[in-house]
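Read off the chains here:
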Amino acid sequence: MELASFRTYTSLAEAETLQQTLKQHEIDCLIIDNSLAAGAAIGGQLPKEYEVKLKPENFEAANAILEQRAAEDMDELPEGYYLSEFTNDELIDVLAHRYEWSEFDYLHARRLLEERGVDINEQQLQEITVNRLRELTKPEKIHPGWIALGYVFALLGGVVGILTGFGIVYSTKTLPTGIVVPTYSPNDRKHGRYILILSVIVLTAAVLYKVSLMMEM
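What you see as residue numbers is a count from 1 along each chain, following the sequence as written. Only residues with pLDDT of at least 70 are given local features in this predicted model, and only at 80 or more are side-chain atom pairs given and counted; all residues enter the totals for whole chains, interfaces and linings. Side-chain measures here rest on the full set of heavy atoms in the structure, leaving out hydrogens and waters.

**Some remarks on the environment of alanine 96**
Each helix is a run of DSSP H or I of at least 4 residues and each strand a run of E of at least 2, with the numbering of both proceeding from the N terminus. Inspection of the secondary structure puts alanine 96 in helix α3 (residues 88–96). Sequence spacing of alanine 96 and isoleucine 31 is 65 residues, and the spatial spacing of their C-alpha atoms is 28 Å. The contact criterion used throughout is that any non-hydrogen atoms of two residues lie within 4.5 Å. Aside from chain neighbours lying at most four places away, what touches alanine 96 is Ile128 and Arg132.

Written out as structure tokens, the structure is:
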């Protein structure tokens, strides 16, 4: 089974710590250095990005392991931790976006709400999580201008058009649960297929035309 992105870090040490933790529970994972693809150099240094990938079927177990580890570290919370300054609404937002926060922050947000007398039961937490996952599942919308530009690239017959169409059609995103879904809407992917097919046709025609000219010389 193909590996999917589970966590991304800017520190190799953090990625390796996660890798060791998962291996202790017999969950294999792979660290990918995406630093060169993370962006252009700033101040002469490339941004660091280390991606931890594992089988989607292991996402649930891995999340449970990290949450358990975070729960064991709760007593070691440093004084004046920044979440203490959050309002109740902001803390609830942390719960709603739990997969964008560390397990430690998620659990601490729950504890702070409990200490403030805000009762968030397990059913409410599950509903919050389900609603957030539903939001993440929704496909992203491509601006019509980019679609139009893709057709321009296709008519120009360049490789850029092929790459553009291919990216729209086959781009996917991995949900925190390990489920992989298409990044873009069915309508955008339809345009992506048209761009891809048109690019291939135009490029093929251009190559054949040049070959025919060379043969006539």
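**Points about the packing of aromatic side chains**
Centres within 6.5 Å make a pair out of two Phe, Tyr or Trp rings, where for Trp the six-membered ring is used; the pair is then stacked when the planes are under 30 degrees apart, edge-to-face when over 60, and tilted otherwise. In the structure shown here, the tally under the stated rule is six aromatic pairs. Measuring from centroid to centroid gives 5.6 Å for tyrosine 81 and phenylalanine 104, while their planes differ by 90 degrees, and the two rings are edge-to-face. On the criterion of sequence distance, the pair formed by tyrosine 81 in the loop between α2 (59–72) and α3 and phenylalanine 104 in helix α4 (residues 103–115) is long-range, its members being 23 residues apart. This pair shows no difference in class: tyrosine 81 is buried, exactly as phenylalanine 104 is. Aromatic pair tyrosine 82 and phenylalanine 86: ring centres 5.9 Å apart, planes at 70 degrees, arrangement edge-to-face. The buried label applies to any residue whose accessible area, calculated with a 1.4 Å probe on protein chains only, is under 20% of its type's maximum; exposed applies above 50%, and partly exposed to all values in between. Residue tyrosine 82 is classed as partly exposed on the basis of its relative accessible area, which comes to 38%. By way of ring pairs, the aromatic residues Tyr81, Tyr82, Phe86, Trp101 and Phe104 are connected into one cluster. Either the NZ atom of lysine or the CZ atom of arginine qualifies as a charge over a ring when it sits within 6 Å of the ring centre and within 35 degrees of the ring normal. The aromatic ring of phenylalanine 6 is capped on one face by arginine 7, whose charged end is 4.3 Å from the ring centroid.

**Some words on helix α1 (residues 12–24)**
Think of an α-helix as turning once every 3.6 residues; residues three or four places apart then point the same way. Across its 13 residues, α1 extends 18 Å between first and last C-alpha, which sits within 8% of the 18 Å expected from 1.5 Å per residue. Those residues of α1 that fall on the buried side of the exposure criterion are Ala15, Leu18, Gln19, Thr21 and Leu22. Burial along α1 is one-sided: seen end-on, the buried residues are contained in an arc of 165 degrees. Close packing links the buried residues of α1 with β1 (4–9), β2 (30–33), β3 (50–54) and α2. Distance and chemistry together define a polar contact, namely a pair of N or O atoms within 3.5 Å, with one atom able to donate a hydrogen and the other to accept it when in protein, and with adjacent residues in sequence counting only for side-chain atoms on both sides. Structurally, the start of α1 carries an N-cap: the backbone nitrogen of alanine 13 is 3.3 Å from a side-chain oxygen of serine 11. Positive phi appears at glutamate 26, one or two residues downstream of α1, with a value of about 60 degrees. Each residue after the first adds 1.5 Å to the expected span of a helix. Here the arc refers to the directions that run from the helix axis out to each C-beta atom.

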